[in-house]
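# Tertiary structure, described
Chain by chain, the residues:
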Amino acid sequence: MKLVLIGMMGSGKSTIGRRVAKELNWAFYDVDSEIERVQNLKIPEIFALKGEGKFRSLEKEMIQKLSQKDKVVLSTGGGAPCSAENWKALSQEAVILWLKASPKQLLERVQKKPLEVRPLLKQGISPLEVITQLLNSREKIYKKADYILETDGWTIPEVCQKILDLLRTKT
Ligand code: S3P
């Protein structure tokens, strides 16, 4: 069994995933960090040097690899669930959970880091517009998750506790 966290950039997947994994005594993997480690390049560098297409194929490869693990929490990049192949791999013996947040909340959270770390936000239109557009186009995919957790107004420890409670009902 694995727990897969999906959702937009800024939804807290990595922070929450790491904490939940610690509580469960499971390993934690952040798909983007694993790509960065193997490529020895940061995500924005991969986008700039190799393009989004290459990033998506590295993401696919990493997801195939990490999906085979058991007793792990996986945090995925915001666009990862949009590939049917990725979804299929991620959903094998897994609980998929969407960390849902409003565009305003997502913007507040992504602004805590330099926007450069998120190449998709550098598109000429405002970051809020990018987030809103991406969320609109991805929502129907995110909705396929086994669980949807609204995170607006909740603290990180509270969200983690809700996830642990949900998992307890599954096992
Ligand atoms: C992306 C989100 C990023 C990263 C890449 C593309 C996306 O991950 O995978 O910049 O398509 O939304 P986070 O969701 O962890 O920011």
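It should be noted that the structure appears before, not after, this text.
Here's a quick rundown of the structure. This structure is a prediction, so every number in the text was calculated from the model and none was measured.

### Description of the site of the ligand
Close to the ligand lie 13 residues; Lys-13, Asp-32, Arg-56, Arg-118 and Arg-138 are nearest. Gly-78 has a polar backbone atom sitting 2.9 Å from an oxygen atom of the ligand. Gly-79 places a main-chain nitrogen or oxygen 3.3 Å from an oxygen atom of the ligand. The class makeup of the residues in the shell around the ligand is five nonpolar, three polar and five charged.

### Brief notes about the nonpolar core
Of all hydrophobic cores here, the largest spans 37 residues; its most connected members are Val-4, Ile-6, Met-8, Ile-35, Ile-46, Ile-96 and Ile-131. Of all the elements, helix α7 (residues 127-142) adds the most residues to this core, at six residues. Sequence-distant contacts of Val-4, that is, excluding residues within four places in its chain, are made with Leu-74, Thr-76, Leu-90, Ala-94, Val-95, Ile-96 and Leu-97. Within the second largest apolar cluster, 17 residues are counted, among which are Leu-3, Leu-5, Leu-97 and Cys-160.

### A few points about the sheet that holds strand β4 (residues 94-100)
Across the sheet, five strands lie side by side as β2-β3-β1-β4-β5; this open sheet has parallel pairing. Every other strand in the sheet has two partners, leaving β2 (27-30) and β5 (147-150) as the edge strands with one partner each. Taking the axes of each pair of neighbouring strands and ignoring which way they run, one obtains an average angle of 20 degrees across the sheet. As paired elements, β4 and β5 share four bridges and run parallel to each other. Looking across to β5, one finds that Leu-97 is bridged to Tyr-147. Relative to the sheet, helix α1 (residues 13-24) contacts β1 (2-6), β2, β3 (72-75) and β4, its axis offset from that of β2 by approximately 165 degrees. Across the face of the sheet, helix α8 (residues 156-170) comes into contact with β1, β4 and β5 while running at roughly 160 degrees to β5.

What counts and what doesn't
- Residues numbered from 1 in each chain as written.
- Predicted model: local features only at pLDDT ≥ 70, side-chain atom pairs only at ≥ 80, totals over all residues.
- Heavy atoms only, no water.
- Near = heavy atom within 4 Å.
- Polar contact = N/O pair within 3.5 Å; in protein donor to acceptor, adjacent residues only side chain to side chain.
- Nonpolar A, V, L, I, M, F, W, Y, C, P; charged D, E, K, R; others polar.
- Core = buried A, V, L, I, M, F, W, Y, C linked by side-chain atoms within 4.5 Å.
- Buried < 20%, exposed > 50% of the residue type's maximum accessible area, 1.4 Å probe, protein only.
- Helix = DSSP H or I, 4+ residues; strand = E, 2+ residues; numbered from the N terminus.
- Contact = heavy atoms within 4.5 Å.
- Pairing = 2+ DSSP bridges.
- Axes fitted to C-alpha atoms, helices over the stretch in contact; angles between N-to-C directions.

Honestly, that's just the spatial picture; any functional story needs more than this.
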